[in-house]
Amino acid sequence: MPLSISNSSELEELDLGDNNFNGNVRNIFGNLQNLYWINLAHNNFETKGSDGLAFLSSLTNCSHLEVVNLEKGLFGGVLPDYVGNLSTSVSFLALDRNQLYGSIPSTIGNLVNLQTLALNDNLFTGPIPASIGYLQIGLACSTESPKDRMSIDIVLREFHLVKNNILKVSN
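This one's a predicted model, so the numbers in the text were calculated from it and none came from an experiment. (Residues numbered from 1 in each chain as written. Predicted model: local features only at pLDDT ≥ 70, side-chain atom pairs only at ≥ 80, totals over all residues. Heavy atoms only, no water.)

A. Fine view of the sheet that holds strand β6 (residues 74-78). If you trace the five strands from one edge of the open sheet to the other, you get β2-β4-β6-β8-β10, paired in parallel fashion. Edge strands, defined here as strands with exactly one partner in the open sheet, are β2 (22-23) and β10 (123-124). Pairing geometry for β6 and strand β8 (residues 99-102), over three bridges, is parallel. Across the sheet, residue Gly-77 finds its bridge partner in β8, namely Leu-100. (Pairing = 2+ DSSP bridges. Helix = DSSP H or I, 4+ residues; strand = E, 2+ residues; numbered from the N terminus.)

B. Here's a closer look at the pattern of salt bridges. Within this structure, the stated rule accounts for two salt bridges. Between Arg-97 and Glu-71 there is a salt bridge whose closest N-O contact spans 3.3 Å. Placement of Arg-97 in the loop between β7 (92-94) and β8 and of Glu-71 in the loop between β5 (67-69) and β6 is noted, with a sequence separation of 26 residues between them. Here Arg-97 falls in the partly exposed class, since its relative accessible area comes to 34%. Look at Glu-71 and you get buried, because its relative accessible area is 16%. Of the charged contacts, one joins Arg-97 and Asp-96 as a salt bridge, the two residues approaching to 3.1 Å between their closest N and O atoms. Residue Asp-96 is classed as buried on the basis of its relative accessible area of 3%. Taken together, the salt bridges that share partners define one network made up of Glu-71, Asp-96 and Arg-97. (Salt bridge = Lys/Arg side-chain N within 4 Å of Asp/Glu carboxyl O. Buried < 20%, exposed > 50% of the residue type's maximum accessible area, 1.4 Å probe, protein only.)

C. The arrangement of the nonpolar core in detail. Within the largest apolar cluster, 38 residues are counted, with the highest numbers of intra-cluster contacts made by Met-1, Phe-29, Ile-38, Leu-59, Leu-65, Leu-93 and Ile-108. When residues in this core are grouped by element, the largest group, three residues, is from helix α1 (residues 55-59). (Core = buried A, V, L, I, M, F, W, Y, C linked by side-chain atoms within 4.5 Å.)

D. Just the pairing of β6, in detail. Of the pairings in the sheet, the one linking strand β4 (residues 44-47) to β6 comprises two bridges and is parallel in character. What sits directly across from Glu-46, in β6, is Leu-74.

E. Representation of the packing of aromatic side chains. Under the defined criterion, the tally for this structure stands at three aromatic pairs. On the basis of an interplanar angle of 20° and a centroid distance of 6.2 Å, the ring pair of Phe-21 and Phe-45 is categorised as stacked. On the criterion of sequence distance, the pair formed by Phe-21 in the loop between β1 (13-15) and β2 and Phe-45 in strand β4 is long-range, its members being 24 residues apart. A ring pair is formed by Phe-55 and Phe-75, whose centres lie 5.7 Å apart and whose planes are at 40°; its orientation type is tilted. Of this pair, Phe-55 sits in helix α1 while Phe-75 sits in strand β6; the two residues are 20 residues apart in sequence, bridging distant segments of the chain. In this pair, the class of Phe-55 matches that of Phe-75, namely buried. (Phe/Tyr/Trp six-rings, centres within 6.5 Å; stacked < 30°, edge-to-face > 60°.)

F. Fine view of the side chain of Asp-96. Following the sequence through the fold, Asp-96 ends up in the loop between β7 and β8. With sequence-adjacent residues up to four places away left out, Asp-96 is seen in contact with Leu-70, Glu-71, Lys-72, Ala-118, Leu-119, Asn-120 and Asn-122. (Contact = heavy atoms within 4.5 Å.)

Written out as structure tokens, the structure reads:
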């Protein structure tokens, strides 16, 4: 991705989805304060290691950001805590069908206007963060095997446990 994109300070929508782009996504979005839509889905962009998604940190400067679509790529690594520092306007966050691992950060609960959160078909481990229970979202979940989806009964049971934990903390 060319560095010159960072000079497009009036850019509102960046839609590069459904191509065969490859390489690393650079940390270049900090000057795009009017950006409200970014779609890099269905490409071959690669990120690896614990700082593989470092470019997300520059998206935290995009105060109008509403849609982040990174599904079905080769994005790998740990989902960083600063994902929760994206604009509170974000209503759609799709990271599904990648190679993300580790825990889902509890900071996702900071995205108070989130309506769609797609994390399925990754390699996440650990519990679902209690902070997700505060959000009004449609959540895509999968089990330990990325190919098998959880039944709605299991998802509801998990959310019930999260709700109970939240109520215990509140009391």
